[in-house]
Each structure stands twice: as structure tokens, then as C-alpha cells.
Amino acid sequence: MKNILSNPPLFVSEVSSNHACDINRCFKFIETSARIGCDAVKFQLFKIDELFAPEILAKSEQHRNRSAWELPESFIPAIATRCNETGIAFSCTPFYLGAVEILTPYVDFFKIASYELLWSDLLIACARTEKPVVISTGMADMNEISTAVSTLSKAGCKDLTLLHCVSGYPAPAEQANLSAINTLRNEFHCKTGWSDHTVSEGVIQRAVHKYDAEMIEFHLDLDTSGAEYSSGHCWLPDDAERLIKNVLTGFNADGDGIKTPTPVEQPDRKWRADPEDGLRPIKSIRRDWKA
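Every value quoted in this text rests on a predicted model; they were computed, and no experiment measured them.

Each value, and the rule that gives it
- Residue indices begin from 1 for each chain and proceed along its sequence in written order.
- Whole-chain, interface and lining totals are the exception, using all residues; otherwise, since this is a predicted model, local features are given only for residues with pLDDT of at least 70 and side-chain atom pairs are given and counted only at 80 or more.
- Based on all heavy atoms of the structure, the side-chain values leave hydrogens and waters out of the count.
- Secondary structure follows DSSP: runs of H or I at least 4 residues long count as helices, runs of E at least 2 residues long count as strands, and numbering of each begins at the N terminus.
- For patch detection, residues must exceed 30% relative accessible area and be free of salt bridges, and they are connected within 9 Å for like charges or within 5 Å for nonpolar side chains (Val, Leu, Ile, Met, Phe, Trp, Tyr).
- Shrake-Rupley sampling with a 1.4 Å probe provides the accessible areas, and residues are treated as covered by the protein chains on show and by no other component.
- Salt bridges are defined as contacts in which a side-chain nitrogen from Lys or Arg sits within 4 Å of a carboxyl oxygen from Asp or Glu.
- Aromatic contacts are taken between Phe, Tyr and Trp rings whose centres are within 6.5 Å, Trp giving its six-membered ring; a plane angle under 30 degrees counts as stacked, one over 60 as edge-to-face, and the others as tilted.
- Relative accessibility decides the category of a residue: with a 1.4 Å probe and only protein chains considered, values under 20% of the type maximum give buried, values over 50% give exposed, and everything between is partly exposed.
- To sit over a ring, a charge needs its Lys NZ or Arg CZ within 6 Å of the ring centre and within 35 degrees of the ring normal.
- All axes here are fitted lines through C-alpha atoms, helices being fitted over the stretch that makes contact, and every angle between N-to-C directions spans 0 to 180 degrees.
- Here is the rule for handedness: rotate from the far helix to the near one, and if that takes an anticlockwise turn smaller than a right angle the crossing is left-handed, while a clockwise turn gives right-handed.
- Residue contacts follow a heavy-atom distance rule, with two residues in contact if any of their heavy atoms lie within 4.5 Å.
- Charged means Asp, Glu, Lys or Arg here, nonpolar means Ala, Val, Leu, Ile, Met, Phe, Trp, Tyr, Cys or Pro, and polar covers whatever is left, Gly included.
- Here, nonpolar core means buried Ala, Val, Leu, Ile, Met, Phe, Trp, Tyr and Cys residues that are tied together by side-chain atoms lying within 4.5 Å of each other.
- An angle below 35 degrees is read as roughly parallel, one above 145 as roughly antiparallel, one from 65 to 115 as roughly perpendicular, and any other as oblique.
- Here the expected span of a helix is defined as 1.5 Å times the quantity of residues minus one.
- For the purposes of these results, a polar contact is taken to be a pair of N or O atoms within 3.5 Å, where, inside protein, one atom must be able to donate a hydrogen and its partner to accept one; residues adjacent in sequence count only when each atom of the pair is a side-chain atom.
- Here, strands pair whenever DSSP counts at least two bridges between them.
- Whether a crossover is right-handed comes down to one check: with the strands pointing away from the viewer, does the path from the first strand over the helix to the second run clockwise; if it does, it is right-handed.

Enquirer: Please give an account of the environment of Ser 150 that cites residues and values.
Expert: In this structure, Ser 150 sits in helix α7 (residues 142–154). For the pair formed by Ser 150 and Phe 188, sequence separation is 38 residues and the distance between their alpha carbons is 9.6 Å.

Enquirer: Explain a nonpolar patch on the surface residue by residue, including any values.
Expert: The grouping of Tyr 115, Met 139 and Tyr 169 at the surface amounts to a nonpolar patch, some 350 Å² of accessible area in total. Structurally, Tyr 169 is set in the loop between β6 (160–165) and α8 (180–188).

Enquirer: Which residues make up the packing of aromatic side chains, and what values go with them?
Expert: In this description, an aromatic ring pair is defined by two values, namely the gap between the centres and the angle between the planes. Enumeration according to the criterion identifies 4 aromatic pairs in this entry. A centroid spacing of 5.9 Å and a plane angle of 90° characterise the contact between Phe 46 and Phe 95, whose relative ring orientation is edge-to-face. In this pair, Phe 46 is assigned in the loop between β2 (40–45) and α2 (54–59) and Phe 95 in the loop between β3 (89–94) and α5 (97–103), connecting sequence segments 49 residues apart. As far as burial versus exposure is concerned, Phe 46 and Phe 95 are alike and both buried. Taken together, a centroid distance of 5.5 Å and an interplanar angle of 80° make the contact between Trp 271 and Trp 289 edge-to-face. Taken together, the residues span a long stretch of sequence, with Trp 271 in the loop between α10 (237–252) and α11 (283–286) and Trp 289 in the segment after α11 at a distance of 18 residues. Note on Trp 271: relative accessible area 34%, which makes it partly exposed. We note Arg 82 situated over the ring of Phe 27; from NZ or CZ to the ring centre the distance is 3.9 Å.

Enquirer: Hey, could you go over the packing of helix α6 (residues 120–128) against α7 for me, with residue numbers and the actual values?
Expert: It is the contact of α6 with α7, at a shortest axis distance of 8 Å, that shows an interaxial angle of 40°. Crossing of α6 against α7: the hand is right-handed. Contacts between α6 and α7 involve Ser 120, Leu 123, Ile 124 and Ala 127 on the former and, on the latter, Ala 148, Thr 151 and Leu 152. For the contact of α6 with α7, a count of residues per class yields 5 nonpolar, 2 polar and no charged.

Enquirer: How would you sum up the side chain of Gln 205? Please name residues and give values.
Expert: In this fold, Gln 205 is placed in helix α9 (residues 201–209). On the basis of relative accessible area, Gln 205 is assigned to the buried category, the value being 17%. When sequence neighbours within four positions are dropped, the list of residues in contact with Gln 205 reads Lys 210, Leu 243, Asn 246 and Val 247.

Enquirer: Give a detailed account of the environment of Ala 99, specifying residues and quantitative values.
Expert: Inspection of the secondary structure assignment puts Ala 99 in helix α5. As for Ala 99 and Ser 120, which are separated by 21 residues in sequence, their C-alpha atoms are 15 Å apart.

Enquirer: Pulling in residues and values, what's your account of the nonpolar core?
Expert: Within the largest apolar cluster, 67 residues are counted, with the highest numbers of intra-cluster contacts made by Phe 43, Ile 79, Phe 90, Leu 160, Leu 162, Trp 194 and Phe 218. Here the element with the most residues in this core is α10; it accounts for 5 residues. If sequence neighbours within four positions are ignored, Leu 160 has contacts with Val 133, Ile 135, Val 149, Leu 152, Cys 190 and Lys 191.

Enquirer: Mind laying out the packing of α7 against α8, listing which residues take part and the relevant values?
Expert: Viewed as axis vectors pointing N to C, α7 and α8 meet at an angle of 45°, and their least axial separation amounts to 12 Å. Considered as vectors, α7 and α8 are oriented oblique to each other. In the crossing of α7 with α8, the sense of the turn from one axis to the other is right-handed. On α8, the residues that touch Met 142, Ile 145, Ser 146 and Val 149 of α7 are Thr 183, Leu 184, Glu 187 and Phe 188. Here the contact of α7 with α8 is built from residues that sort into 5 nonpolar, 2 polar and 1 charged.

Enquirer: Requested: an account of helix α1 (residues 23–35), with residues and values cited.
Expert: Over its 13 residues, α1 runs 18 Å from end to end, which matches the ideal 18 Å to within 8%, given 1.5 Å per residue. When we look at burial in α1, the residues that qualify are Arg 25, Cys 26, Phe 27, Phe 29, Ile 30, Thr 32 and Ser 33. On the buried face of α1, the contacting elements are β1 (10–14), β2, α4 (76–86), β8 (215–220) and α10. A distance of 2.9 Å separates the backbone nitrogen of Asn 24 from a side-chain oxygen at the start of α1, and that oxygen is part of Asp 22. In the stretch just after α1, Gly 37 is the one whose phi turns positive, near 110°.

Enquirer: Which residues make up the pairing of β3, and what values go with them?
Expert: When you tally the buried positions in β3, you get 5 out of 6 residues, the bulk of the element. Two strands pair when backbone bridges link them, and β2 and β3 are joined in this way by 6 bridges, in the parallel orientation. If you follow Lys 42 over to β3, its bridge partner there is Ser 91. Relative to strand β4 (residues 109–112), β3 runs parallel, the two being bridged by 2 bridges. In the strand pairing of β4, Ser 91 is matched with Phe 109. Read as a crossover between parallel neighbours, the route from β3 over α5 to β4 is right-handed.

Rendered as C-alpha cells:
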């Protein structure tokens, strides 16, 4: 009998700005992501002066200091090589148009952040590469998502995944609104999933087993020292590994649907109550049974 239930989701670890501009720490993220069961690891490529408007940078030292979170462009080839050697897919979020050209030879798929969903030029640039595109929909309404999907489609995107997302850091579990995953799937007829900021296994389990999320993205830190860990939306490796194993255990429990005694039940079948006197075990084994 064919398994009629959905397939396990793809798990994507989001390094974000936790790499500390250290190539060896980047490699550790890649290796750790593969070890704990992720299918892909995602980085971000931005330049602070192409991320925030000059009016903001002129007034805010806090925003200017985020230049320390930039991933050096020179790291990209080495990151891609290490991902290939480790057997994990490499994804990256471009935050400026030039980043798309830099990343195209190396990434397995592009991820567009929720804050950039309105930027049609970036969507078009990613779509024209013919690479798969994943886009987070945090903060967006259906009209904005529809425009983004249409823009991607018209520009040639043929492999799209929409991630429902709540762009709070961290996001309260009671605001997850996971049923929106179905809304996106039914409206846009593409792959859908959940980009997590809740750091709650219960939320992710629900996204997978109730709403058939096909991709789960979560922020990862290695050791609590990452730049974004203090914001409260990052998983640590041991917890993330336990989460992934628990999710996959659920899928391994599906079986074939045929109702028949399982191997683990066979030894106890003769220890059921005998139909004649209601006592255990079946009469045929009582006389010769030894303690």
C-alpha cells in the first residue's frame, strides 16, 4: 500500500550574521548543519551602504555598526566548495543587485528575505538566473505576495517556494498563524513552508505534520556567541538536531497502512486472553510454559 502522507521537509539552517566574518566559523556552520541533519545551509550577502538608506546611516551608529556583520564576497567560492565537499546544499540571500551576479555560479538556490519582497528588480534578477527561488513572506499581505509571485513567474522562475514567516525576533508562538501555509499553497499552487523565528519545536512539528510544510528554515548559532543569538530567535545545534530527529521519527512511523501484527507484537500474541476462559495466555502454551 502506497504511503499517502507527505514527504519529510527540507531543513535549511540560516547562518545570518552569526559567522563573525571568520571563514573557519563559516566552515563550522556548514559542517554542523550537515551533522545535525540539515539539507541546506544559508548565508546572507549584503553591504551595509546598499542595505540601508544614507539618511539612516548618517543618523544611526547602531546601523553603521552592522558593517561588522557583512560576509566578505571573497568567502563565497570557499563556502560553496566546502558545502559540496560536505554534501549539503548552499543557499544565500542577496541584498543588492550585484550580489546576484556574484552568487549565481555558486548557489543551489536563492533565498529572498521578507524585507526585500517588494523590490521587483531583485526578484527579477534572481528569477533570470533560472535557479530555484525561495522567498519569505513575513509582514506581507496577499496582494504584495501575489505581485511578487507574478514578477518572479514573468521573469522566468519555474521553481518557487513560499515560506510563511512572522518577522518578529523572536516571534510569539501564538502569532505563528500556521494555517497561512495552506492559504499560500492553495492560492499560488507552489511549494510552501515555514521560516521559523519562534524557536519552538511544537510550532515546527505543527507546521510539518498538520500543514505539510515542505521546507523548514531556522536560524542557527553554534555556541551563543553569534551576533544575533541574543535576539532570541536562534537555535543551538543540539536542540536543532533533536528537533530534526523528532520530526523525521514522525515520518518513519507512517508505515504502509496495512493493519496486521507487527514484528514487535508477535511474541505477545499468544499471551492474549484465551477466548474460552478469559485468562492469559492462550491455553495452547500454558502447560509447557516455564518461568
